[in-house]
Amino acid sequence: MKIFSIVGARPQFIKLAPLSAALAGKHEEYIVHTGQHYDYAMSEKIFEDLGIRKPDIHLNIGSGTQATQTGEMMIKLEAEMLEKKPDIIIIFGDTNSTLAGAMAASKLTIPIIHIEAGLRSYNRAMPEEINRIVADHVSEYLFVPTQTAVNILKSEGLEKNTYFTGDIMVDTMKNNIGIALNKSTVIHDLNLENQEFNLLTLHRNYNVDNAEILGHILSQLGQLGELIIFPVHPRTRKMLASSPDAIPANIRLVEPQGYLDFIALEHVCKRIITDSGGIQKEAYILKKPCITLRTETEWIETVEEKWNCLINPTDKSIASTIASFKVPESQQEIFGKDVTEKMLKIINSIG
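Here's a quick rundown of the structure. Note that this is a predicted model, so its numbers are computed, not measured. (Residues numbered from 1 in each chain as written. Predicted model: local features only at pLDDT ≥ 70, side-chain atom pairs only at ≥ 80, totals over all residues. Heavy atoms only, no water.)

1. A look at the sheet that holds strand β4 (residues 88-92)
Moving on, step 1. Within the open sheet, the 7 strands sit side by side as β3-β2-β1-β4-β5-β6-β7. Their pairing is parallel. With partners counted over all chains shown, the strands left at the sheet margins are β3 (57-58) and β7 (162-164), one partner each.
Moving on, step 2. Strand direction decides the pairing type here: strand β1 (residues 2-7) and strand β2 (residues 28-33), joined by 6 bridges, are parallel. The partner of Lys2 across the bridge, within β2, is Glu28.
Moving on, step 3. Running at roughly 140 degrees to strand β5 (residues 112-115), helix α5 (residues 127-138) makes contact with β4, β5 and β6 (141-144) of the sheet. (Pairing = 2+ DSSP bridges. Helix = DSSP H or I, 4+ residues; strand = E, 2+ residues; numbered from the N terminus. Contact = heavy atoms within 4.5 Å. Axes fitted to C-alpha atoms, helices over the stretch in contact; angles between N-to-C directions.)

The following block contains the structure:
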């Protein structure tokens with residue numbers, strides 16, 4: 001089959017890597033990069049780290065408002081679909097690239113596979129929540145990471161389109177953690193040998209677009225009194241530039257990291273503090289305590305297993321809650337295994 005794999009952001013590149021390798025030689029795959037993430041470390045460097053070939057089609061959309069970015073993607077994706085006539089579209093996750101691919105393909109009646117389907121945070125203020133719901137309801141093949149997601153899709157009347165594959169990020173991590181630990185020099189480069197540290201990421205609009213909330217989070221993390229390494233998302237850096245004095249002494253800002261360097265940091269750190277969905281999963285897979293600065297999560301299993309602690313970003317006791325959070329000695333395999341193999345089997349049956 002002729003397949004369009006549509007990606008645009010870091011978490012999608014990570015999910016694409018093992019699947020694209022599996023499709024090679026079996027199907028005619030076009031990697032379509034919308035350009036949603038264009039920072040080197042968050043885009044090109046991840047392609048290099050994961051051995052993904054350069055995109056066949058690059059739309060170069062860049063940043064913009066939600067509607068502008070999604071609309072421009074749809075226009076360009078439609079033109080490429082009309083010209084190349086793919087048999088099937090693969091979309092990943094819940095970004096604007098996901099939504100644009102879903103809308104453009106569904107209007108042209110091209111079948112869609114949605115990888116990482118069935119997630120719900122039940123927070124409609126998150127753009128990602130709208131993207132997920134729309135993508136699921138226009139897709140013919142829903143590749144689902146967890147039993148919770150299976151149950152959600154069943155409750156929404158989508159059971160016949162649902163395929164319980166597990167989470168493909170398990171395969172990406174399995175394939176690359178050894179490479180990261182052998183190749184990455186980030187621990188040496190940041191002078192972190194024999195140092196205990198926390199790893200922080202922040203990018204959600206409700207955490208970083210409001211200077212007061214962002215300042216409160218950083219102030220609370222300052223009270224933790226432990227070293228925190230903070231690879232700064234471009235969106236967050238823009239906000240921090242207006243108030244550099246708000247950064248406590250124990251928080252070290254560093255540049256965004258490529259995939260291999262980032263998972264090397266995850267592997268070594270004491271705990272992970274984040275508002276990212278994908279990084280919650282990576283923390284669980286690597287058996288790292290995770291603090292999620294959100295009031296909800298689409299990865300509820302990680303909370304139920306007691307490896308992930310949700311904290312309201314406006315809470316006045318963030319530091320003490322983090323310090324007191326302890327994880328169990330063991331965990332369940334909630335994200336599956338041999339996921340790429342299961343997905344490829346279903347894709348082959350479509351053709």
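2. A look at the nonpolar core
Moving on, step 1. Counting 35 residues, the largest nonpolar core has Leu19, Ile90 and Ile115 as its most contacted members.
Moving on, step 2. Among the elements that make up this core, the one with the highest residue count is helix α1 (residues 10-23) (7 residues).
Moving on, step 3. Among the nonpolar cores identified, the runner-up in size contains 22 residues, and Val208, Ile217, Met239 and Cys309 belong to it. (Core = buried A, V, L, I, M, F, W, Y, C linked by side-chain atoms within 4.5 Å. Buried < 20%, exposed > 50% of the residue type's maximum accessible area, 1.4 Å probe, protein only.)

3. Here's the deal with the pattern of salt bridges
Moving on, step 1. Per the counting criterion, the structure on display carries 21 salt bridges.
Moving on, step 2. Notably, a salt bridge pairs Glu83 with Lys84, separated by 3.5 Å at the nearest N-O pair.
Moving on, step 3. A salt bridge links Arg132 to Glu298, with the nearest nitrogen and oxygen atoms 2.3 Å apart. With Arg132 in helix α5 and Glu298 in the loop between β12 (290-292) and α14 (300-304), this residue pair connects regions lying 166 residues apart in the sequence. One exposure class covers both Arg132 and Glu298, and it is buried.
Moving on, step 4. Through salt bridges with shared partners, a single network forms among Asp94, Glu129, Arg132, Arg294, Glu296 and Glu298. (Salt bridge = Lys/Arg side-chain N within 4 Å of Asp/Glu carboxyl O.)

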